[in-house]
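Spelled out from the first residue to the last, the chains are:
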Amino acid sequence: MSTPDESTPASVAGFDDEAVLLIGHGSRREKSNEQVRELAAGLESRLGIPVDAAFLELAEPSIDEAFAGLAPVTDQVTVVHCSLFAASHVKNDVPLAIEQARAEHEIAINNGAHLGVHPAILDLLDDRAAAVERELGVDRTEDDVAVVVCGRGSSDPDANGDVHKLARLLFEGRDFDRVEATFIGVTEPTLEDTLHGLSKHRPDAVVVLPYMLGDGVLTQRVRDWTAEFDEDYPYVDALAGDPLGTDSRLLDVFADRWQEARSGSVEMSCDTCKYKVDLEGYEEDVGGARAMLRALAHQEAHADREDIDDEPHSHDAPEKHVAVCTNQTCAKMGSPAVLERLRQEVRDSEHADARITRSSCLGRCGDGPMVAVYPDGIWYGDVADDDAERIVADHLDRDRIVSDLVDQTL
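Residues numbered from 1 in each chain as written. Predicted model: local features only at pLDDT ≥ 70, side-chain atom pairs only at ≥ 80, totals over all residues. Heavy atoms only, no water.

Q: I tried to follow the pairing of strand β4 (residues 108-111) on my own but got confused; where do I start?
A: Remark: a regular strand shows side chains that alternate across the two faces of the sheet. Pairing geometry for strand β3 (residues 76-81) and β4, over four bridges, is parallel. Paired with Thr78 across the bridge in β4 is Asn110. What joins β3 to β4 is helix α3 (residues 88-104), and the crossover it makes is right-handed. (Pairing = 2+ DSSP bridges. Helix = DSSP H or I, 4+ residues; strand = E, 2+ residues; numbered from the N terminus. Right-handed = clockwise from strand over helix to strand, strands pointing away.)

Q: Before we go on, may I ask you to explain a negative patch on the surface in this structure?
A: On the surface, Glu188, Glu192, Asp193, Asp224, Glu228, Glu231 and Asp232 cluster together into a negatively charged patch. At the level of secondary structure, the elements contributing two or more residues to the negative patch comprise α6 (191-199) and α7 (217-232). You can see Asp193 is positioned in helix α6. (Patch = residues over 30% accessible without salt bridge, like charges linked within 9 Å, V, L, I, M, F, W, Y side chains within 5 Å. Areas by Shrake-Rupley, 256 points an atom, 1.4 Å probe, with all protein chains shown as cover. Salt bridge = Lys/Arg side-chain N within 4 Å of Asp/Glu carboxyl O. Lys, Arg positive; Asp, Glu negative; His and termini not counted. Charge placed at Lys NZ, Arg CZ, Asp CG, Glu CD.)

Q: Help me out: how do you make sense of the nonpolar core in this one?
A: Nonpolar side chains in soluble globular proteins tend to be buried together. With 50 residues, the main nonpolar core has Leu22, Val149, Leu170, Tyr211 and Phe254 as its most contacted residues. In terms of residues, this core owes the most to one element, helix α4 (residues 119-136), which gives seven residues. Counting 20 residues, the second-largest nonpolar core is a separate cluster that includes Val338, Ala352, Ala354 and Val383. (Core = buried A, V, L, I, M, F, W, Y, C linked by side-chain atoms within 4.5 Å. Buried < 20%, exposed > 50% of the residue type's maximum accessible area, 1.4 Å probe, protein only.)

Q: So what exactly am I meant to see when it comes to empty space enclosed by the protein here?
A: In the structure shown here, the tally under the stated rule is one cavity of 30 Å³ or more. The calculated volume of the largest cavity comes to roughly 40 Å³. Lining the largest cavity, in full, are Cys325, Asn327, Thr329, Cys330, Cys361, Leu362, Gly363, Arg364, Cys365 and Met370. Its residues assigned to classes, the lining of the largest cavity comprises six nonpolar, three polar and one charged. (1 Å grid on protein atoms, 1.4 Å probe; cavity = no way out; pocket = protein on both sides within 12 Å on 5 of 7 lines; lining within 4 Å. Points joined across faces, edges and corners; volume = space filled by probe spheres on them. Nonpolar A, V, L, I, M, F, W, Y, C, P; charged D, E, K, R; others polar.)

Q: Explain the packing of α6 against α7 here, please?
A: Packed helices, taken two at a time, are described by their axes: the angle between them and the distance between them. Running from amino to carboxyl end, α6 crosses α7 at an angle of 30°, the nearest separation of the two axes being 10 Å. Taken together, α6 and α7 sit at an angle that is classed as roughly parallel. The handedness of the crossing between α6 and α7 is right-handed. The segment α6 lies against α7, with Leu191, Glu192, Leu195, His196 and Ser199 engaging Val222, Trp225, Thr226 and Phe229. Grouping the amino acids of the contact of α6 with α7 by side-chain chemistry returns five nonpolar, three polar and one charged. (Axes fitted to C-alpha atoms, helices over the stretch in contact; angles between N-to-C directions. Parallel < 35°, antiparallel > 145°, perpendicular 65-115°, else oblique. Left-handed = near helix turned anticlockwise from the far one by under 90°. Contact = heavy atoms within 4.5 Å.)

Q: Looking at this structure, I do not really get the sheet that holds β4. What am I missing?
A: What links the strands of a sheet is backbone hydrogen bonding, and the strands pair in either a parallel or an antiparallel sense. Spatially, four strands are ordered β2-β1-β3-β4 in an open sheet, and the strand pairing comes out parallel. The open sheet terminates on both sides in strands that have one partner only, identified here as β2 (51-55) and β4. Averaged over all pairs of adjacent strands, the angle between strand axes in this sheet comes to 25°, irrespective of strand direction. Direction of pairing for strand β1 (residues 18-24) relative to β3: parallel, over a ladder of six bridges. The partner of Ala19 across the bridge, within β3, is Val77. Set on the sheet, helix α2 (residues 63-70) makes contact with β1, β2, β3 and β4; between it and β1 the angle comes to about 170°. Where helix α8 (residues 249-262) meets the sheet, it contacts β1, β3 and β4, and its direction lies at approximately 135° from that of β3.

See the structure below:
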C-alpha cells in the first residue's frame, strides 16, 4: 500500500487565503478515520496549501466544526469529497452542511465532485488485480482471468451505474476474460450471485476487487464470500484483493477535483440523477425539496449511532428479512403476537441482523401463523409466540434452522 506523496510541494502563488476540506464518511474504526487524515496530509503536500479532514458522522471534527475552525483563518474553502460515487451523501448531506456553513460564516465555499471514474483509479485497480494474479500464480495473457469489481451498493441508481461503467473501462484494452460489476448489498447483483454465475464459465481464476477506500467490515465480507466460493468450486482459483487504501494515485484524483471546484467546472451527472429526472422506480425522489427533506431525515437517523455496527449504516439492507403473515386467517391464529415477539427478540439479540415485517397472505392458510425467512427461503408454520425466541436465537443468530417448525423450503 502506497503512502502519500512525500515530494517537496511546489509553491502555489496566490493561495494564502485558501484551504481545502477533505470530507470523509467517518467510522467507529479509528483506523479508517486515520486513513482520511493521511490522505489529507498527502493532499496538503501535493497542493502546497492547508488541507483539513472532516467527517459526516461517527468521527471528529464534524463538517460544521471544521468550517467553524477554518472561517477565522481563511477566506475560501474548497470541499473535496472522499466518496467514490455520487450517492446521497454527495448529493444531499454535504451540500446541506455547506449551505449551513455559508449562512453562519463569511467564507466562500467551493463544492467539488466525488472521486468518480478516473484514469488514475483504473490504473490503481489494474495494479490491484495484477497483485492478486501474482499471488494465485496466473497470468491474464495466458490464462482465463475473470475480474469482479465489488462496490458497496447504493439506493442511488446513478452511483450503481458508475460501478458498471468502471468495470467496463477496466475490461477495455486489457487481457481479462471478463470483468463483472457487483455489490455487497442494497442492490443487485450481489457478490455471491456474481461469483456463482462466473463458475459456469469455468475461468482459471477469479480476481475480486473490493471497490472501497478503507479495510473494514465490508472488505472482510468480500474476502469471506470469496474464500467460500473458492472452497465450493475447487476448479476455480479465487482470491480477493486489497481496497484502494491510501495509494498516492488517489491524490491525483483529489487534485483534479480540487481544481475543478475552484475553477467552477464541476460536472455532475444530472441527466441520470434520481433527484433531477423521473427514473423508473424512483419517481418519488424527484425534486430539490424532497432531497433536502431526505438529507435532514438522514442526519436525524444517524444522530445516535451507539448501537450500530462499525461500517454499515443503520438503514442498510439487513442480512435477513423475516416476513410474518398477518392476513385474516393467520391473524386469528395469533400472528400479531408472533410478529411483536420476533421484533422484541431481535432488539434484544446482540447478533441478529434482521428486519421483521408484516406480510399479506403467503398462501398457506390453515398452517399458520406463517413466518418466512429470506434470503434463506425457509418457511416456518404453526409458529407460536413462544417459538420466536428459538427462531431468533438459532436461525437469525447462528444460521441453524429450527427443523421442527419448518413448513417448506424454497
